[in-house]
Amino acid sequence: RRAKLLLGVRDDLKLPLSAVAVLKERYLLRDDHGRVAESTGEMMDRVARHVAQAEEAWSPGSAQRWVEAFSRSLRRLEFLPNSPTLMNAGTSLGLLSGCVVLPLEDSLVSIFGTLGHAALLHQAGAGTGYSFSRLRPRGDAVASTGGAASGPVSFLSVFDAAADVLAQGGRRRGASMAVLDVSHPDIVDFVQAKAAGGLEHFNVSVAVSDRFMRAVLRGTGHRLVNPRTGKAVARIDATELFDRICRAAWRSGDPGLLFLDRINQANPLPSSGRIEATNPCGEVPLLPYESCNLASLNLARFISGGQVDFERLRAAVWLAVRFLDDVIDVSRYPIRELERPAHDSRKVGLGVMGLAELLAVLGIPYDSEPAIRLAGRVLAVIEKEAHQASAELAAQRGPFPLYQHSRYAGQGTRPLRNAQLTSIAPTGTISLIAGTTSGIEPMFALSYVRHILGRQLPEVNPHFERLARDRGFWSDQLRAELDRTGMVRQIPHVPPDVRTAFVTALEIPPEWHLKMQAAVQRHVDAAVAKTINLPEQATAADIRAIYLAAWQARVKGITVYRYGARPGQVLTLADPG
Ligand code: UDP
């Protein structure tokens, strides 16, 4: 099969233009002269070869078989690992994990030690998450100097400045997550930190307890506690603080909320500590120094005869779980502290992308009960198979070393190889490579401009265009109308079934976004990265309602985004006028 040449890249996988542009810029290996040295398919082979090396330890001579199996599935875009695996496999930067959580204790040694570690991790393309909750508040005593502490928000700016400097040299911006507990005395400053400008490398989330949420509903008081002394320093109105959070989220999209009680109810290793933070996009709650390798199944590749092909999906889950378990063993950790925790709990995160494409192709509107049911069913199958695959690996390779201390022990189930199996990543770049919709998100628009690597690429949803051509209603006039609004629900000459099936993010009421997130979360071990999109004219009260509903729906965290709230969106409508 001859590879086509696109942007000077041999593209044997026949990927979309924007995918090839990104791969060329950041993923494909280069020779000593800086020339691209592999085709798109060869990139997949490199990843497969590197990861399958782990198989040799269990069954000498077996690696080749797995190289072929992994490679075939990657080349077919049935699943893809997170970007660091695609970029770093088989290179001197050996880190393959997408996300890490690092500790921040209340000392300069801890804070700046972690800052140094973060630099190395960002250089390798991983995202980092931190809880700032243990740092003493602004104005608190500093014994060694007799001075006053500068507080979590000031250190947050230092981390952001460091990320900014690093972003200029790295292949991918290392995103970060900052979490602060809702009881921290500096919570108000933290809530407003992003709306005030800056902190571009951070998502920020407030860690809220069930107790706080109940106080919001009852309109009662809420205590702020100095983490250094354990003493309450103030009592404020819970509702007032919650409204501040919602107003800030209205302005900038931040802060999101993290429901730590829910997260810790699902913590597979409570004896190792209470989870206080997640990775940047929220899909993986982790203990300090834990990391996670992600991969996502491309649901759009598992359709046959107008239905989900569960047989093939099951087989792909088994292959992807094995792949991820192997990744742990061949990943090289740039800081020693990450090694032991990665092997002790062997957490991985298998998720999905292309849900919206699957639904559209099957003619099911995203904002409908059948869509919610199908998504739940698909994730339930993935979850069940992933656990069975991990149990089978445990039978061959042994359970994860902390298994006896985990909440799975004594449940009468077969031991697992991995303390955590599933997680829904945003798949920002890998969905672009696979040419499908990201994660479990609805389509952004049917016509949009992708702002990527300093270019502006106009794109029309390829499935919509193909369907419109096949059914004979594609026209220049339709294209122009699409460019104007990005949507088809209100275009009369598009058949009604197509209009409802190709619904876009901003047309979907926020409560349906949340319903989807909650339905998926019920069948996912870790968490779900999902943005609740809101139209530009949404109010702070709308955000308040969705934040409360999210807590009641028992999801692990919530993120909203009001269209246009931030400059530099990745996708914008083609014709904003
Ligand atoms: N991430 C990051 N920088 C980025 C995008 C992602 O550090 O620019 C990390 C972050 O931890 C995020 C995880 O990678 O939660 C997965 O993100 P995504 O699925 O979008 O990554 P992809 O593998 O598609 O590049």
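Residues numbered from 1 in each chain as written. Predicted model: local features only at pLDDT ≥ 70, side-chain atom pairs only at ≥ 80, totals over all residues. Heavy atoms only, no water.

Trainee: Before we go on, may I ask you to explain the packing of helix α11 (residues 310-330) against helix α14 (residues 369-397) in this structure?
Mentor: Two elements in contact, α11 and α14, have axes separated by 9 Å at closest approach and are oriented at 45°. Classified by the angle their axes make, α11 and α14 are oblique. You can see that α11 and α14 cross each other, and the crossing is right-handed. Its residues placed into classes, the contact of α11 with α14 shows 11 nonpolar, three polar and eight charged. (Axes fitted to C-alpha atoms, helices over the stretch in contact; angles between N-to-C directions. Helix = DSSP H or I, 4+ residues; strand = E, 2+ residues; numbered from the N terminus. Parallel < 35°, antiparallel > 145°, perpendicular 65-115°, else oblique. Left-handed = near helix turned anticlockwise from the far one by under 90°. Nonpolar A, V, L, I, M, F, W, Y, C, P; charged D, E, K, R; others polar.)

Trainee: Hey, could you run me through the packing of aromatic side chains in this one?
Mentor: Under the definition given, this model contains 14 aromatic pairs. Taking the centre distance of 5.6 Å and the plane angle of 85° together, the rings of Phe400 and Tyr403 count as edge-to-face. Considered together, Phe400 and Tyr403 belong to a single accessibility category, that of buried residues. When the ring of Phe464 is compared with that of Phe502, the centres are 5.3 Å apart and the planes differ by 70°; the resulting orientation is edge-to-face. Here the residue Phe464 occupies a position in helix α16 (residues 462-470), and Phe502 occupies one in the loop between α18 (496-501) and α19 (510-521), the gap between them amounting to 38 residues. The exposure classification of Phe464 matches that of Phe502, with both residues buried. In textbook terms, an aromatic cluster arises when at least three aromatic residues are bridged by ring pairs, as seen for Trp66, Phe70, Phe79 and Phe323. The ring of Trp66 is capped by Arg322, whose NZ or CZ atom sits 3.9 Å from the centre of that ring. Positioned above the aromatic ring of Trp250, the side-chain terminus of Arg562 is 4.0 Å from the ring centre. (Phe/Tyr/Trp six-rings, centres within 6.5 Å; stacked < 30°, edge-to-face > 60°. Buried < 20%, exposed > 50% of the residue type's maximum accessible area, 1.4 Å probe, protein only. Lys NZ or Arg CZ within 6 Å of the ring centre and 35° of its normal.)

Trainee: Would you explain the site of the ligand in this entry?
Mentor: Around the ligand there are 20 residues in total, and Ser83, Arg172, Arg173, Thr427 and Gly428 lie nearest to it. Within the contact set of the ligand, an oxygen atom lies 2.9 Å away from a side-chain nitrogen or oxygen of Glu283. For the ligand, an oxygen atom lies 2.6 Å from a polar atom in the backbone of Thr427. Classifying every residue of the shell around the ligand gives nine nonpolar, eight polar and three charged. Each of domain 1 (4-95 + 292-405) and domain 2 (99-278) gives at least three residues to the shell around the ligand. (Near = heavy atom within 4 Å. Polar contact = N/O pair within 3.5 Å; in protein donor to acceptor, adjacent residues only side chain to side chain. Domains from an automatic or database assignment.)

Trainee: Sorry if this is basic, but what is going on with the domain arrangement of the protein chain here?
Mentor: It is common to give the size of an interface as the accessible area that goes away when the parts come together. We note that the domain assignment places domain 1 (4-95 + 292-405), domain 2 (99-278) and domain 3 (436-573) within the protein chain. Computed from C-alpha coordinates alone, the two centres of domain 1 and domain 3 are separated by 25 Å. In this complex, domain 1 contributes 31 residues to the contact, which on the side of domain 3 involves 30 residues. Between domain 1 and domain 3, a total of about 2500 Å² is buried, with carbon and sulfur atoms accounting for 68% of that surface. (Contact = heavy atoms within 4.5 Å. Buried area = accessible area lost by both parts, 1.4 Å probe.)

Trainee: Explain the layout of surface pockets to me, please; I cannot follow it from the model alone.
Mentor: If a probe as big as a water molecule is rolled over the atoms, it shows which places are left empty. One number sums up the size of the second largest pocket: a volume of about 350 Å³. If you trace the second largest pocket, you find 20 residues lining it, with Ser183, Ser209, Arg211, His222 and Arg223 closest to the centre. Counting only elements with at least two residues in the lining of the second largest pocket, the list comes to β7 (202-208), α8 (210-218), β8 (221-225) and α10 (260-265). No other element matches the five residues that α8 contributes to the lining of the second largest pocket. Taken together, the residues that form the lining of the second largest pocket break down as seven nonpolar, five polar and eight charged. (1 Å grid on protein atoms, 1.4 Å probe; cavity = no way out; pocket = protein on both sides within 12 Å on 5 of 7 lines; lining within 4 Å. Points joined across faces, edges and corners; volume = space filled by probe spheres on them.)

Trainee: Sorry if this is basic, but what is going on with empty space enclosed by the protein here?
Mentor: Applying the stated criterion across every chain yields a total of four cavities of 30 Å³ or more. Here the largest cavity is characterised by a volume of approximately 90 Å³. Along its surface, the largest cavity is lined by 13 residues, and Ala266, Pro268, Gln420, Asp525 and Ala526 are the ones closest to its centre. Taken together, the residues of the lining of the largest cavity break down into eight nonpolar, two polar and three charged. There are two domains that each give the lining of the largest cavity at least three residues, and those are domain 2 (99-278) and domain 3 (436-573).

Trainee: Explain unusual backbone geometry here, please?
Mentor: Peptide bonds are, in most cases, trans, and in most cases residues other than glycine have a negative phi. In this chain, Asp254 is followed by Pro255 through a cis amide linkage whose omega measures 0°. Examined against the element boundaries, Pro255 turns out to sit in the loop between α9 (238-252) and β10 (256-259). Positive phi, close to 55°, is recorded for Lys14, a residue that is not glycine. With respect to the secondary-structure elements, Lys14 resides in the loop between β2 (9-11) and α1 (17-27).

Trainee: Sorry if this is basic, but what is going on with a positive patch on the surface here?
Mentor: Residues Arg211, Arg214, Arg218, Arg223 and Arg235 make up a contiguous surface patch of positive charge. Top contributing element to the positive patch by residue count: α8, with three residues. Within the element layout of this structure, Arg223 appears in strand β8. Using a relative accessible area of 45% as the deciding quantity, one classes Arg223 as partly exposed. (Patch = residues over 30% accessible without salt bridge, like charges linked within 9 Å, V, L, I, M, F, W, Y side chains within 5 Å. Areas by Shrake-Rupley, 256 points an atom, 1.4 Å probe, with all protein chains shown as cover. Salt bridge = Lys/Arg side-chain N within 4 Å of Asp/Glu carboxyl O. Lys, Arg positive; Asp, Glu negative; His and termini not counted. Charge placed at Lys NZ, Arg CZ, Asp CG, Glu CD.)

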